[in-house]
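Each chain, letter by letter, is given below.
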Amino acid sequence: LSINYAYSTREIKNYPYLIKNLDLYWSNEDLYIYKIKSTTLPYYYIADNIKKIGKPFIETRIDINEVYLDKNNFDKFKNIKNGPGKITINNISNSKMKFKYKSNYENILVISDAFDNNWKAESDTKHEVFKVNYFFKGILLKPGEYEIDVYFDNKKYFFGIFLSIISIIIIYFIYLKVRKINN
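Undergrad: Honestly, the overall build of the protein in this entry has me stumped. Any pointers?
TA: A tally of helices and strands in the protein yields three helices and 14 strands. Across its three principal axes, the protein shows a C-alpha extent of roughly 75 × 55 × 30 Å. Burial status across the protein gives 28% buried among its 183 residues. Residue pairs in contact within the protein that sit at least 24 positions apart in sequence constitute 57% of those at least 6 positions apart. A total of about 12600 Å² of accessible surface is found on the protein, and carbon and sulfur atoms cover 54% of it. Of note, the protein has its 28 positive side-chain charges centred 5 Å away from the centre of its 20 negative side-chain charges.

Here it is, written out as structure tokens:
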């Protein structure tokens, strides 16, 4: 994971897998901060091996050569013919990323960033975005050379924003009317 430190409100003793990968960095009676010993994953990478989630997250060690999928996604993608590929990121902002991809094989792009159903990926066609490595985004990349736009589709929030603005305006006019009556 792309995490260097972990914290807990109690000392971690009962998880042998965790303890061997953590060094106590700082503590007091209410908080324990641990430095994670293992190397972190890059922000994005193409996985060489596809594996099915078989253990709880806390017992799984994920490395740059692997992508872990839940049962449904594993069954869907286990037979892809993955192989060497080149991926670079050209642009990144809060809710948008642009990648350049080149390969003669299908591959799964892993982005070590929180998965949400509102993430979309498009090039000339739409690409499926799905959960990988328990928490992150994965995108199936078809063979070829192209750019992929990955973005957070926030359209469903527009109605809530519109409703909030209308509510503020209504409350403001009520306030003005009450103030006028009181004066």
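Once you've had a look at it, read on.
Undergrad: Is there a simple way to think about the sheet that holds strand 9 (residues 107-114) in this case?
TA: What holds strands together in a sheet is hydrogen bonding between their backbones, with the strands either parallel or antiparallel. If you walk across this open sheet you meet the four strands as 4-9-13-12, and the pairing is antiparallel. Each edge of the open sheet is held by one strand with a lone partner, namely strand 4 (44-46) and strand 12 (129-132). Taken over all neighbouring pairs, the strand axes of this sheet differ in orientation by 30 degrees on average, direction set aside.

Undergrad: Is there a simple way to explain the packing of aromatic side chains in this structure?
TA: How two aromatic rings sit relative to each other is set out by the distance from centre to centre and by the angle between their planes. Applying the stated criterion across every chain, the model contains eight aromatic pairs. Ring geometry for phenylalanine 152 and tyrosine 157: centres 6.3 Å apart, planes at 15 degrees, overall stacked. Taking the relative accessible area as the measure of exposure, tyrosine 157 reaches 38% and is therefore partly exposed. Through pairs of rings, three or more aromatic residues link up here, namely Trp119, Phe152 and Tyr157. Residue placement shows lysine 35 over the ring face of tyrosine 5; its charged tip is 5.0 Å from the ring centre.

Undergrad: Sorry if this is basic, but what is going on with the environment of valine 67 here?
TA: Here valine 67 shows up in strand 6 (residues 66-69). On the accessibility criterion, valine 67 (0% relative accessible area) is buried. Put simply, valine 67 and alanine 47 are 20 residues apart on the chain and 5.7 Å apart in space, counted from C-alpha to C-alpha. Discounting residues that sit within four places of it in the chain, valine 67 has contacts with Ala47, Asn49, Ile50, Lys51, Ile108, Val110, Val132 and Asn133.

Undergrad: Looking at this structure, I do not really get the environment of asparagine 21. What am I missing?
TA: For asparagine 21, the location among the structural elements is in the loop between helix 1 (16-19) and strand 2 (22-27). By relative accessible area, asparagine 21 is classed as buried at 14%. Residues asparagine 21 and leucine 141 lie 120 residues apart in sequence; the distance between their C-alpha atoms is 33 Å.

Thresholds, definitions, all that
- Residues numbered from 1 in each chain as written.
- Predicted model: local features only at pLDDT ≥ 70, side-chain atom pairs only at ≥ 80, totals over all residues.
- Heavy atoms only, no water.
- Helix = DSSP H or I, 4+ residues; strand = E, 2+ residues; numbered from the N terminus.
- Buried < 20%, exposed > 50% of the residue type's maximum accessible area, 1.4 Å probe, protein only.
- Contact = heavy atoms within 4.5 Å.
- Areas by Shrake-Rupley, 256 points an atom, 1.4 Å probe, with all protein chains shown as cover.
- Lys, Arg positive; Asp, Glu negative; His and termini not counted.
- Charge placed at Lys NZ, Arg CZ, Asp CG, Glu CD.
- Pairing = 2+ DSSP bridges.
- Axes fitted to C-alpha atoms, helices over the stretch in contact; angles between N-to-C directions.
- Phe/Tyr/Trp six-rings, centres within 6.5 Å; stacked < 30°, edge-to-face > 60°.
- Lys NZ or Arg CZ within 6 Å of the ring centre and 35° of its normal.

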